[in-house]
Every structure is written in C-alpha cells, then in structure tokens.
Amino acid sequence: MRLEIFRTLWGYRGSWQQALDEALSAGFDGIEARIPEAAAQRAINARLLREQNIPYIATLFTSTPVLPRQSDSPQVHLEDLRMKLDWAAELSPRLVNVLPGNDRWALSEQVDFFAHAVELASACGLHVCFEIHRGRSLYSPWITLDVIRQVPELRFTSDISHWLVTCERLLDDPADDLSAFIERVDHIQARVGYDQGPQVPHPGAPEYAEVLAFHQRHWESIWSSQEKRGLQSTTLTPEFGPDGYLHHLPFTDVPVADLWQLNQWMARCERQHFHRFTSR
C-alpha cells in the first residue's frame, strides 16, 4: 500500500498555484481544500489541477461553514449536499470530504439524514467520505457507532482529535471498541489533539508524546484495516490549522508556531511512521 499526503489549504491566503508549488517542493502529493463557491473560480482551479495532474481532495460543509446554521433542517442540509457534490464534480476530486449535519438532531433524524446522504453520494459517482467533527452529526464516537449500525454503507474521514475533546480523554480504554468505525475509514486527517483541545501546540513536543502515540496507533489501525480491504493507496492530510486551534501567547496574540511548518513536520513524521508500519 502506498501513502499519499495532501496539503490542507485551511487558513491559507495565497493562490492555489502558489500552494501547489510549495506543496510539491515540500514533498506533498496533492492538496485538500474547500470547493470554490464561484463557478468561474471552480473552472480556473479545475484547469490548473488537470493541466498539472495534481490530485485534489474536495472539502464541503452541509449548510454553512464551519458550524451549521442552527435553523437548517436535515432536508436543507441534503439539498445543500446535492448542490455542492455537483460543484465538486467539476474539479474531478480524488475524494470528497463532507462535514455533515448538526449535533443537535435526534438520533432518528441523524439516521434518516445519513441514509439519504449515502444515496446522494452513490448517485453522484464520487468517492464521498463523511468527517467526524465537533458541532456536526458525527461529533461523538457513540453517536457515530449508533448511526453505523443503521447505515452501514457510510464511509468516513477520521480526525479523531475531535472525539478526544468530546470525550475529554484518550480513547484507549479496553471498552473503547471503534472497530466498526475504523473499518469504514478511507481518509485520515492527521492533526494531533488532546483531552482539552483539538490541536496540541506542537506534535513533536515531548510533553505530548503520549497523545501523538495514541493518534499513531489509531492511524495504524486504519492502515491495517485498509490493507485487509485490499487498498493500493491511502490518503492522509496533516491538518493543523488556525481559527482558535493554533495556540497564541496571551496579551501579545503571537502564535506559538507556524502552521506550514507544523504541517510539514507532521507530513515528514507520518512518512517515516508509514515506512515503519509497512516494513514490519
């Protein structure tokens, strides 16, 4: 199995061309970014990706980014998903990463929403994965496992840092059986979180060695599952980001680290980690 690493454009202010140049120079294989809302920009970016033969992972939010509009019903989310999957198709993505739904819905509403979302994903002909994320339908491992039992066709993006915050602990208790989720994960977002936040100041800091090791064990469990499923390649996006995730010093508001350097560090770390994994 081959590892492909994608650069996130979350928080990036430059052009896609500049981002691609930097990503390829740093050894990344492609980019993961939100779908442009303007049709003209989608056409420009689609041509850029096509001409340079760069793999792209599309990110979309049902309703509004990043938190959904609280008044939007599941039907509104489904109509929005249908429209944005059409947008995504214009850019021929490797896969589409969807941040779906709302954490406030009852379980019955969640199940009905995902049953219809899976139908939309199947009809569009794209590889669609649903991301676990706070504030969204898949904010909790226990809700997610309940949904899986009733909608087993779901495919997922794992960013388990969100679940650590939701549960306020590492999910390494013997009772924490996430296997039904793991065997349905197709894409990894590699950000290291901890029990009080979705992003450590730096994943290489010794004080966060335990949480880095937990995340790497989780990613290995996904890789093992993917190997058993016969996948020839696996995708991973280092996803350290801004918006309150990146720690800042008090009073001065100076960030404690540079996001691009953090994501490059994570990419190098996981290439080495994946090499160790496949060499066993």
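Residues numbered from 1 in each chain as written. Predicted model: local features only at pLDDT ≥ 70, side-chain atom pairs only at ≥ 80, totals over all residues. Heavy atoms only, no water.

## What to know about the pattern of salt bridges
Oppositely charged side chains can form a pair if their charged atoms are brought close together.
Then, in step 1: In the structure shown here, the tally under the stated rule is 15 salt bridges.
Then, in step 2: The salt bridge involving E22 is made with R7; its shortest N-O contact spans 2.8 Å. Within this pair, whereas E22 is found in helix α1 (residues 16-25), its partner R7 is found in strand β1 (residues 2-8), the two being separated by 15 residues in sequence. (Salt bridge = Lys/Arg side-chain N within 4 Å of Asp/Glu carboxyl O. Helix = DSSP H or I, 4+ residues; strand = E, 2+ residues; numbered from the N terminus.)

## Description of a nonpolar patch on the surface
Then, in step 1: Among the surface-exposed residues, L249, V254 and V256 lie close enough to one another that they form a single nonpolar patch of about 230 Å² accessible area.
Then, in step 2: Topologically, V256 is positioned in the loop between β8 (233-238) and α9 (259-279).
Then, in step 3: Overall, V256 belongs to the partly exposed group, its relative accessible area being 39%. (Patch = residues over 30% accessible without salt bridge, like charges linked within 9 Å, V, L, I, M, F, W, Y side chains within 5 Å. Areas by Shrake-Rupley, 256 points an atom, 1.4 Å probe, with all protein chains shown as cover. Buried < 20%, exposed > 50% of the residue type's maximum accessible area, 1.4 Å probe, protein only.)

## Side note on the nonpolar core
Then, in step 1: In terms of nonpolar packing, the biggest core is built from 80 residues, with W16, Y56, V96, F130 and F181 touching the most fellow members.
Then, in step 2: If we ignore the near neighbours within four places in the chain, the residues touching F181 are I132, T144, L145, I148, F156, T157, S158, W163 and H218. (Core = buried A, V, L, I, M, F, W, Y, C linked by side-chain atoms within 4.5 Å. Contact = heavy atoms within 4.5 Å.)

## So, the packing of aromatic side chains
Then, in step 1: Scanning all chains against the criterion turns up 12 aromatic pairs.
Then, in step 2: When the centroid spacing of 5.4 Å and the interplanar angle of 55° are considered together, the rings of W223 and F277 count as tilted. Taken together, the positions of W223 in helix α8 (residues 209-228) and F277 in helix α9 put the pair 54 residues apart, joining distant regions of the chain. Considered together, W223 and F277 belong to a single accessibility category, that of buried residues.
Then, in step 3: The ring of Y12 carries the charged tip of R7 above its face, separated from the ring centre by 4.6 Å.
Then, in step 4: A cation over a ring is seen here: R7 above W260, with NZ or CZ 3.7 Å from the ring centre. (Phe/Tyr/Trp six-rings, centres within 6.5 Å; stacked < 30°, edge-to-face > 60°. Lys NZ or Arg CZ within 6 Å of the ring centre and 35° of its normal.)

## Points about helix α4 (residues 107-124)
Then, in step 1: Look at α4: 26 Å from first C-alpha to last across 18 residues, which is about the 26 Å you get at 1.5 Å a residue.
Then, in step 2: Among the residues making up α4, those that are buried are Q110, V111, F113, F114, A117, V118, L120 and A121.
Then, in step 3: Check the buried side of α4 and you find it contacts α3 (74-89), β5 (128-131) and α5 (141-150). (Expected span 1.5 Å × (residues − 1).)

## Here we look at the sheet that holds strand β3 (residues 56-61)
Sheet strands line up and pair through hydrogen bonds in the backbone, either parallel or antiparallel.
Then, in step 1: One closed barrel holds the eight strands; their spatial order is β1-β2-β3-β4-β5-β6-β7-β8, and the pairing between them is parallel. Averaged over all adjacent pairs, the angle separating strand axes in this sheet is 30°, with direction ignored.
Then, in step 2: Where β1 meets β8, four bridges bridge the pair, whose relative direction is parallel. Of the residues in β8, the one forming a bridge with I5 is L236.
Then, in step 3: Where α1 meets the sheet, it contacts β1, β2 (30-34) and β3, and its direction lies at approximately 145° from that of β2.
Then, in step 4: With respect to the sheet, α3 is in contact with β3, β4 (95-99) and β5, its orientation differing from that of β3 by roughly 160°. (Pairing = 2+ DSSP bridges. Axes fitted to C-alpha atoms, helices over the stretch in contact; angles between N-to-C directions.)

Purely geometric stuff here, so don't read any function into it on its own.
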